[in-house]
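# Understanding the architecture of this molecule
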Amino acid sequence: MGKLSTHVLDTMHGRPAAGVHGELYRIQEEGRTLLRRFDTNEDGRCDEALLSGTAMQAGVYELVFHAGDYFASQGVDLAQPCFVDQVVLRFGIANPAENYHVPLVVTPWTYSTYRGS
């Protein structure tokens, strides 16, 4: 079985984003279901896979990163409301036997992601 992982890079400060709060949801017709909450470690990563084993299933998911709260905790003077506040990444897992790595590269004004492995 594969696994789902993430990490967050703070490109405003040029370092991993430690202490970013986030949630992982599964998206289905009846709505979204919270699967877990997480905080990134000193390397901007989660200490364990977000999904693995039998929990790793094909489907649609959302990662929600609380980027505005993170940058405020770093002392960044943010306009209110923040331009980039909660970053929601909706993605699909087609083959649960593969690894899916969904990183977030973020500043207070922009973000990007890609599929890693």
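Scroll up a little and you will see the structure.
Here's a quick rundown of the structure. (Residues numbered from 1 in each chain as written. Predicted model: local features only at pLDDT ≥ 70, side-chain atom pairs only at ≥ 80, totals over all residues. Heavy atoms only, no water.)

The strand order across the open sheet built from 4 strands is β5-β4-β7-β8, with neighbouring strands paired in antiparallel fashion. The open sheet is flanked by β5 (31-39) and β8 (86-93), the only strands paired with a single partner. Between one strand and the next, the sheet's axes are offset by a mean angle of 20°, whatever the strand orientation. Pairing geometry for strand β7 (residues 59-66) and β8, over 8 bridges, is antiparallel. Paired with His-66 across the bridge in β8 is Gln-86. (Pairing = 2+ DSSP bridges. Helix = DSSP H or I, 4+ residues; strand = E, 2+ residues; numbered from the N terminus. Axes fitted to C-alpha atoms, helices over the stretch in contact; angles between N-to-C directions.)

The next subject is the pattern of salt bridges. Tallied over the entire structure, the rule returns 6 salt bridges. The partner of Glu-62 in a salt bridge is Arg-90, and the shortest N-O contact between them spans 2.6 Å. Of this pair, Glu-62 sits in strand β7 while Arg-90 is found in strand β8, placing the two residues 28 residues apart along the sequence. By sharing partners, the salt bridges in this structure join Arg-32, Glu-62 and Arg-90 into a single network. (Salt bridge = Lys/Arg side-chain N within 4 Å of Asp/Glu carboxyl O.)

So, on to the nonpolar core. Grouped together as the largest cluster of nonpolar side chains are 28 residues, with contacts concentrated most on Leu-4, Leu-63 and Phe-65. Those elements that place two or more of their residues in this core are β7, α1 (67-73), β8 and β10 (104-106). Per-element tally for this core: the top contributor is β8, with 4 residues. The contacts of Phe-65, once residues within four sequence positions are left out, are Thr-6, Val-8, Val-20, His-21, Gly-22, Phe-38, Asp-85, Gln-86, Val-87, Leu-89, Val-102 and Leu-104. (Core = buried A, V, L, I, M, F, W, Y, C linked by side-chain atoms within 4.5 Å. Buried < 20%, exposed > 50% of the residue type's maximum accessible area, 1.4 Å probe, protein only. Contact = heavy atoms within 4.5 Å.)

What follows concerns the environment of His-7. In this fold, His-7 is placed in the loop between β1 (3-5) and β2 (8-10). Note: C-alpha distance between His-7 and Ser-52 (45 residues apart in sequence) is 16 Å. Discounting residues that sit within four places of it in the chain, His-7 has contacts with Gly-44, Arg-45, His-101, Val-102, Pro-103, Leu-104 and Tyr-114. In this structure the side chain of His-7 is engaged in a polar contact, spanning 2.7 Å, whose partner is the side chain of His-101. (Polar contact = N/O pair within 3.5 Å; in protein donor to acceptor, adjacent residues only side chain to side chain.)

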